[in-house]
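# Understanding the architecture of this molecule
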Amino acid sequence: TETAGIEQLRTRVAEQLERARARSIALTDAVDDDDLVRQHSKLMSPLVWDLAHVGNQEELWLVRDVGGREPVRCDIDNLYDAFQHARADRPALPLLPPAEARRYVREVRDKVLDVLERSPLEGRRLEAGGFAFGMIVQHEQQHDETMLATHQLRAGAPVLHAPPPPPGRPLPAAEVLIPAASFAMGTSIDAWALDNERPAHEVFVDAFFIDTAPVTNAAYAAFIEAGGYDDPRWWSERGWAYRQHANLSAPRFWLRAADGWLRRRFGVVEPIPPDEPVVHVCFHEAQAYAAWAGRRLPTEPEWEKAARFDPATGRSRRYPWGDEDPGPEHANLGQRHLSPAPVGAYPAGASPAGVHQLVGDVWEWLDSDFHGYPGFEPFPYREYSEAFFGGDYKMLRGGSFGTDPVAGRATFRNWDHPIRRQIFAGFRCARDASPEELA
Ligand code: AVJ
Ligand code: FE
């Protein structure tokens, strides 16, 4: 019955809220109070800012808007408004100290669970299908991934632990052809899809080849050894200028050793696994590698078609493997492991065309800018997406090992500045199909 459906949704929302919170608490309880208020990198907020910001967004949307309740604290909205203060400036703000921040998020959450009990989860667009709750869950999980990146930047002994990823396996092909056809990009029916994923619209994508796996550490090391960082031929003009300015010579967190490369990963210095997707490269490095390899980065429609289009039915799937939610056999998501998994580790997660690891492991840089789809409507606020359209951003797709499954659907869109390297981003290559190859 309909009521049973709503009750099921209510239970699911409560579980997702709880999962997100358990992760935020684990990421902030892992370090002491000094560490929580400190800035580990100019690129990041202090962890205690992320924690209270998550609570403040939850208060704004769920306590005040959906619940119509009195503010829990109206004096701190400005402190936790990301548009008011750049990350670099946040440590100097009169932030809630750790104990107060923890109390604040708990108080907000208690009210939210009460609001959830009373919300019809239908009718009003903000509440329909639990959208506002889903948006807040995804918001917290995205900040948790940001906090994970802060942990990676943090100096000192390891404080996070997880089992290693499953082993890799050889793939039958290095690349596959995605034949020319239009497909449905984006979604109009996914209840928790954010404004920038909407609406579904037909896009024609010409035939192209895409790699069956992301570029590995071994392949990337070959680019370095071949002098790729010293040859402007492979770099865009902007990319080369940035490479010179920032003195780039390897992915972030790689360390040159006497007999090869090491990396620092969440406080552990270790040999670099050759078959894992490369991570912590910026868009310019990804583009230079692709040029050196005689290839290019995929565009955003190409990536989404490779990830969703089912040629047997002509339908776009929710995930590469189908519509079933991600399990541990499908993809390396949810901070289950603290690194990407080697190529071939998720055969059950492959797309119909045989493209592997599109979801999970590493965000994939794409050669596309951030714009709204035709018919885009900002919802519920301009600052989630629209404020970034046309800015200096490149698209990222597919999520990383640090992305929660709740943001793992193949329509989910991420973006960042093309110079960013602290995020868990890698890439895969593509190329045009020649007329002879299509004959
Ligand atoms: C979509 C990951 C670029 O972290 O800036 C968090 C998500 N929006 N709070 C970001 C977001 C508001 C956003 N990204
Ligand atoms: Fe935020």
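Residues numbered from 1 in each chain as written. Chains lettered and ligands numbered in written order. Predicted model: local features only at pLDDT ≥ 70, side-chain atom pairs only at ≥ 80, totals over all residues. Heavy atoms only, no water.

## So, the pattern of salt bridges
Opposite charge on two side chains allows them to pair when their charged atoms are near. Under the convention used in this document: For this analysis, a salt bridge means a side-chain nitrogen from Lys or Arg found within 4 Å of a carboxyl oxygen belonging to Asp or Glu. Numbering of helices and strands runs from the N terminus, with a helix taken as a DSSP run of H or I at least four residues long and a strand as a DSSP run of E at least two residues long. We call a residue buried when its accessible area falls under 20% of the maximum for its residue type, exposed when it is over 50%, and partly exposed in between, using a 1.4 Å probe and counting protein chains only.
Applying the stated rule across the entire model yields 45 salt bridges. Salt-bridge contacts for Asp29 lead to Arg102; the nearest nitrogen and oxygen are separated by 3.0 Å. Within this pair, whereas Asp29 is found in helix 1 (residues 2–29), its partner Arg102 is found in helix 4 (residues 98–118), the two being separated by 73 residues in sequence. The salt bridge partner of Arg73 is Asp75, with a shortest N-O separation of 2.8 Å. In this structure Arg73 comes out as partly exposed when scored by relative accessible area, which is 25%. According to the relative accessible area criterion, Asp75 is exposed, its value standing at 51%. Here the salt bridges share partners, and the residues they tie into one network are Glu175, Asp211, Arg295, Arg431 and Glu437.

## Looking at the nonpolar core
Definition in use: Buried Ala, Val, Leu, Ile, Met, Phe, Trp, Tyr and Cys residues that are joined via side-chain atoms within 4.5 Å together make up what is termed a nonpolar core.
Tyr80, Phe133, Leu148, Tyr220, Trp254, Trp365 and Phe427 are the most contacted members of the largest nonpolar core, which totals 112 residues. The leading source of residues in this core is helix 5 (residues 131–153), at ten residues.

## Things to note about the site of ligand 1
Put simply, the rule reads: Any residue with a non-hydrogen atom lying within 4 Å of a molecule or strand is treated as near it. For this analysis, a polar contact is any N or O atom pair within 3.5 Å, provided that within protein one partner can donate a hydrogen and the other can accept it, and provided that sequence-adjacent residues contribute only side-chain to side-chain pairs. Accessible surface is estimated by sampling points in the Shrake-Rupley manner with a 1.4 Å probe; for residues, cover comes only from the protein chains shown.
Surrounding ligand 1, one finds His139, Gln142, His143, Tyr384, Asn414 and Trp415. Side-chain polar atom of His143 to a nitrogen atom of ligand 1: 3.1 Å apart, as the coordinates give it. Notes on ligand 1: free accessible area 350 Å², of which the protein chains cover 75%. Only helix 5 and strand 12 (414–416) provide two or more residues apiece to the shell around ligand 1. The leading source of residues in the shell around ligand 1 is helix 5, at three residues.

## Focus on the coordination of the iron ion (ligand 2)
Stated formally: Coordination partners: N, O, S within 2.8 Å of the metal, 3.2 Å for Na, K and Ca; water not considered, so apparent gaps in a site are possible. The geometry test gives tetrahedral to four donors whose angles all lie between 85 and 135 degrees, gives square planar to four donors and octahedral to six donors whose opposite members are over 155 degrees apart with all other angles between 65 and 115, and gives irregular to the rest.
Looking at the iron ion (ligand 2), one finds its protein donor set to be His53 (NE2), His139 (NE2) and His143 (NE2), positioned 2.1 to 2.2 Å from the metal centre. Its four donor atoms give the iron ion (ligand 2) angles of 91 to 173° at the centre, a pattern that matches the irregular case. Positions of the donor residues of the iron ion (ligand 2), expressed as sequence spacing, correspond to H-x85-H-x3-H. Placement of both His139 and His143 in helix 5 is noted, with a separation of four residues, approximately one turn of the helix.

## What about the UniProt feature "domain: Sulfatase-modifying factor enzyme-like" (unreviewed entry) in the protein chain?
Counted only if it meets this: UniProt positions are given in the numbering used here, feature names are shortened, and annotations may be inferred rather than shown by experiment.
According to UniProt, the positions carrying the feature "domain: Sulfatase-modifying factor enzyme-like" (unreviewed entry) are residues 174–431. Helix makes up 15% of residues 174–431 and strand 19%, and the two end C-alpha atoms of the span are 12 Å apart.

## Quick look at the packing of helix 6 (residues 217–225) against helix 8 (residues 283–292)
What counts is decided by this rule: Interaxial angle, 0 to 180 degrees, is taken between N-to-C directions of lines fitted to C-alpha atoms, where a helix line uses only the stretch in contact. Working definition: roughly parallel below 35 degrees, roughly antiparallel above 145 degrees, roughly perpendicular at 65 to 115 degrees, and oblique for all remaining angles. Any two residues having at least one pair of non-hydrogen atoms within 4.5 Å are treated as being in contact. In this count, Pro and Cys sit with the nonpolar residues alongside Ala, Val, Leu, Ile, Met, Phe, Trp and Tyr, while Asp, Glu, Lys and Arg are called charged and the others, Gly among them, polar.
One way to put it is that helix 6 packs onto helix 8 with a least axis distance of 11 Å and a crossing angle of 80°. Taken together, the axes of helix 6 and helix 8 are roughly perpendicular relative to one another. Residue-level inspection shows Ala219, Tyr220, Ala222 and Phe223 of helix 6 in contact with helix 8, the latter providing Glu285, Ala288, Tyr289 and Trp292. Here the contact of helix 6 with helix 8 is composed, by residue class, of seven nonpolar, no polar and one charged.

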